[in-house]
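Commentary on secondary and tertiary structure
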Amino acid sequence: GIQVEQSPPDLILQEGANSTLRCNFSDSVNNLQWFHQNPWGQLINLFYIPSGTKQNGRLSATTVATERYSLLYISSSQTTDSGVYFCAVEGGTSYGKLTFGQGTILTVHP
Amino acid sequence: DAGITQSPRHKVTETGTPVTLRCHQTENHRYMYWYRQDPGHGLRLIHYSYGVKDTDKGEVSDGYSVSRSKTEDFLLTLESATSSQTSVYFCASSRGQPRTDTQYFGPGTRLTVL
């Protein structure tokens, strides 16, 4: 099945800093989503972005499908941005099934 | 996000007992999914449903069964719980098929099998 690798595994920031999270995948994708899992465990949709660029407030994402990666940008980070960020993809031979990466653990200090 | 609830939110049970987790969505989504989340493994798909009474296996389906008798409800059953099934279970749903539509997740159920 399709492989998903996220980097970095851990990221520690001071409030106000910017960051870039990366998701690499091993095959062509039809679906790519970014999620934020908050400290209470809730998985929150950030973007549905199999290709192109989207922005939502301080967050933006870009997927370059031909080169098999996606980037999530967080600008002016806040403590509420802390949590785990997951990339999930559907594609290749994994028909109909979202495959999740291992996640990036983000900690934002005040 | 979609209105998805899970019950119970927490459960402790003993090895060998049957357990049923319930997922309920109010969005009239056709597709529903069960995942488990474990340290070091991320989220993995257990089973999914593409309509009432239509279900299929995911990558970690052994020891689990599902049923979907109504659009809004998707049940996950552990016939005889084992300690390896201690995990956090998430339900998700989507309006369209997984290839092309966003999946929305419920709040999760923390299951401990002693």
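Everything that follows concerns the structure shown earlier in this document.
Below you will find a few notes about this structure.

About the criteria used
- Residues numbered from 1 in each chain as written.
- Chains lettered and ligands numbered in written order.
- Predicted model: local features only at pLDDT ≥ 70, side-chain atom pairs only at ≥ 80, totals over all residues.
- Heavy atoms only, no water.
- Helix = DSSP H or I, 4+ residues; strand = E, 2+ residues; numbered from the N terminus.
- Rg over C-alpha atoms; globule rule 2.2 N^0.38 Å.
- Buried < 20%, exposed > 50% of the residue type's maximum accessible area, 1.4 Å probe, protein only.
- Contact = heavy atoms within 4.5 Å.
- Areas by Shrake-Rupley, 256 points an atom, 1.4 Å probe, with all protein chains shown as cover.
- Lys, Arg positive; Asp, Glu negative; His and termini not counted.
- Charge placed at Lys NZ, Arg CZ, Asp CG, Glu CD.
- Core = buried A, V, L, I, M, F, W, Y, C linked by side-chain atoms within 4.5 Å.
- 1 Å grid on protein atoms, 1.4 Å probe; cavity = no way out; pocket = protein on both sides within 12 Å on 5 of 7 lines; lining within 4 Å.
- Points joined across faces, edges and corners; volume = space filled by probe spheres on them.
- Nonpolar A, V, L, I, M, F, W, Y, C, P; charged D, E, K, R; others polar.
- Pairing = 2+ DSSP bridges.
- Axes fitted to C-alpha atoms, helices over the stretch in contact; angles between N-to-C directions.
- Buried area = accessible area lost by both parts, 1.4 Å probe.
- Salt bridge = Lys/Arg side-chain N within 4 Å of Asp/Glu carboxyl O.
- Disulfide = S-S within 2.5 Å.

Looking only at helices and strands, one finds 0 helices and 11 strands in chain A. Its C-alpha atoms give chain A a radius of gyration of 13 Å, near enough to 13 Å, the size a compact globule of 110 residues would have. Taking the principal axes of the C-alpha coordinates as reference, chain A spans close to 45 × 25 × 20 Å. Evaluated residue by residue, chain A yields a buried proportion of 53% over its 110 residues. Pairs at least 24 residues apart make up 56% of the contacts formed inside chain A by residues separated by at least 6 positions. Surface accessibility of chain A: about 5,000 Å² in total, with carbon and sulfur atoms responsible for 50%. One finds the centroid of the 5 positive side-chain charges in chain A at a distance of 6 Å from the centroid of its 7 negative side-chain charges.

This next bit is on the nonpolar core. Residues and elements named next belong to chain A. Among the nonpolar cores identified, the biggest contains 22 residues, and Trp34, Leu72 and Val89 are the most heavily contacted of them. Contributing elements (two or more residues each) for this core: β2 (10-14), β3 (19-25), β4 (29-37), β5 (43-48), β7 (59-64), β8 (69-74), β9 (83-91) and β11 (104-109). When near neighbours in sequence (up to four residues on either side) are disregarded, leucine 72 contacts Ser19, Thr20, Leu21, Trp34, Leu46, Phe47, Ser60, Ala61 and Tyr85.

Size it by volume and the largest pocket reaches roughly 270 Å³. Ile2, Ser94, Thr99 and Phe100 of chain A together with Glu59 of chain B are the residues nearest the centre of the largest pocket, which is lined by 16 residues in total. Tallying contributions element by element places strand β5 (residues 42-51) of chain B first for the lining of the largest pocket, with 3 residues. Tallied by class, residues from the lining of the largest pocket come to 6 nonpolar, 7 polar and 3 charged.

The next thing to look at is the sheet that holds strand β3 (residues 19-25) of chain B. Residue and element names in this part refer to chain B. The strand order across the open sheet built from 4 strands is β1-β3-β8-β7, with neighbouring strands paired in antiparallel fashion. Edge positions in the open sheet fall to β1 (4-7) and β7 (64-70), since each of these has one partner strand only. Put simply, the sheet's adjacent strands are angled 20 degrees from each other on average, direction ignored.

In this section: the interface of chain A and chain B. Across the contact, 20 residues belong to chain A and 22 residues belong to chain B. At the boundary of chain A with chain B, total buried surface from both sides reaches about 1,800 Å², with 47% on carbon and sulfur atoms. When the buried surface of chain A facing chain B is broken down by residue, Leu43, Asn45 and Phe100 of chain A rank first, second and third, together holding 24% of it. Where chain A touches chain B, the interface holds 1 salt bridge.

Counted according to the given criterion, the structure contains 6 salt bridges over all chains. The shortest N-O distance in the salt bridge between arginine 58 of chain A and aspartate 81 of chain A comes to 2.9 Å. Separated by 23 residues along the polypeptide, arginine 58 of chain A in the loop between β6 (52-56) and β7 and aspartate 81 of chain A in the loop between β8 and β9 bring together distant segments of the chain. According to the relative accessible area criterion, arginine 58 of chain A is partly exposed, its value standing at 25%. Connected through shared salt-bridge partners, Arg22, Lys70 and Asp73 of chain B make up one network.

Residues and elements named next belong to chain A. Inspection of the secondary structure puts phenylalanine 25 in strand β3. When its relative accessible area of 5% is taken as the criterion, phenylalanine 25 is described as buried. The spatial distance from the C-alpha of phenylalanine 25 to the C-alpha of valine 4 is 4.6 Å, given a sequence separation of 21 residues.

Moving on, we get to the state of the cysteines. Taken as a whole and assessed by the stated rule, the structure comprises 2 disulfides over all chains. A disulfide bridge connects cysteine 23 of chain A with cysteine 87 of chain A, and the sulfur atoms are separated by 2.0 Å. Residues cysteine 23 of chain A and cysteine 87 of chain A are joined through a disulfide that is left-handed, its torsion about the S-S bond being -55 degrees. Separated by 64 residues along the polypeptide, cysteine 23 of chain A in strand β3 and cysteine 87 of chain A in strand β9 bring together distant segments of the chain. By relative accessible area, which is 0% here, cysteine 23 of chain A ends up buried. Note on cysteine connectivity: cysteine 23 of chain B is disulfide-linked to cysteine 91 of chain B, with sulfurs 1.8 Å apart. Here cysteine 23 of chain B and cysteine 91 of chain B share a disulfide; its torsion about the S-S bond, -75 degrees, makes the bridge left-handed. Here cysteine 23 of chain B is found in strand β3, whereas its partner cysteine 91 of chain B is found in strand β9 (residues 87-94), with 68 residues between them in sequence. Per residue, the accessibility class of cysteine 23 of chain B equals that of cysteine 91 of chain B, and both read buried.

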